[in-house]
Amino acid sequence: MATIKIKQTKSRIGAPKDQKKTLDALGLTKMNRVVEHKDTPSVRGLIRKVNHLVTVVE
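Here the structure is a predicted model, which is why all the values come from computation and not from measurement.

(A) Region of the structure containing the pattern of salt bridges. For the coordinates displayed, the defined rule picks out three salt bridges. With its nearest N and O atoms 3.3 Å apart, the salt bridge here joins Asp18 to Lys49. Here Lys49 lies in helix α2 (residues 41–49) and Asp18 lies in helix α1 (residues 17–26), a separation of 31 residues in the sequence. Its relative accessible area of 39% is what places Asp18 among the partly exposed residues. A salt bridge links Asp39 to Arg44; the shortest N-O distance between them is 2.8 Å. Take Asp39: its relative accessible area is 27%, and that puts it in the partly exposed class.

Here it is, written out as structure tokens:
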């Protein structure tokens, strides 16, 4: 299965609690951290929810 790399590019300060929990679920705790997940529809949904805070690294 393909993998996807996600990088947090903006701060979580000021974000609603549900978006902070989404970042935690993705494993992103600090700025400029990169995590790798399997490319599944559920992970894509999490990324879509916080797309203004993260970028997908190829």
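Structure shown, so let's carry the discussion forward.
(B) Spatial organisation of the sheet that holds strand β1 (residues 3–8). Taken in spatial order, the three strands make up an open sheet running β2-β1-β3, and their pairing is antiparallel. In the strand order of this sheet, the two ends are held by β2 (34–38) and β3 (54–57), each with one partner. Neighbour to neighbour, the strand axes of the sheet diverge by 35° on average, direction disregarded. In this sheet, β2 lies alongside β1 in antiparallel orientation, the contact comprising five bridges. Bridge assignment links Lys5 to a residue of β2, and that residue is Glu36. The strands touched by α2 are β1, β2 and β3; relative to β1, the strand with the most contacts, the crossing angle is about 20°.

(C) How the structure looks around the packing of α1 against α2. Contact pair α1 / α2: the axes reach a minimum separation of 10 Å and the direction vectors enclose 140°. Relative to α2, the element α1 is oriented oblique. As for how α1 packs across α2, the hand of that crossing is left-handed. Contact residues: Asp18, Gln19, Thr22, Ala25 and Leu26 in α1; Val43, Leu46 and Lys49 in α2. Here the contact of α1 with α2 is built from residues that sort into four nonpolar, two polar and two charged.

Calculation notes
Residues numbered from 1 in each chain as written. Predicted model: local features only at pLDDT ≥ 70, side-chain atom pairs only at ≥ 80, totals over all residues. Heavy atoms only, no water. Salt bridge = Lys/Arg side-chain N within 4 Å of Asp/Glu carboxyl O. Helix = DSSP H or I, 4+ residues; strand = E, 2+ residues; numbered from the N terminus. Buried < 20%, exposed > 50% of the residue type's maximum accessible area, 1.4 Å probe, protein only. Pairing = 2+ DSSP bridges. Axes fitted to C-alpha atoms, helices over the stretch in contact; angles between N-to-C directions. Contact = heavy atoms within 4.5 Å. Parallel < 35°, antiparallel > 145°, perpendicular 65-115°, else oblique. Left-handed = near helix turned anticlockwise from the far one by under 90°. Nonpolar A, V, L, I, M, F, W, Y, C, P; charged D, E, K, R; others polar.

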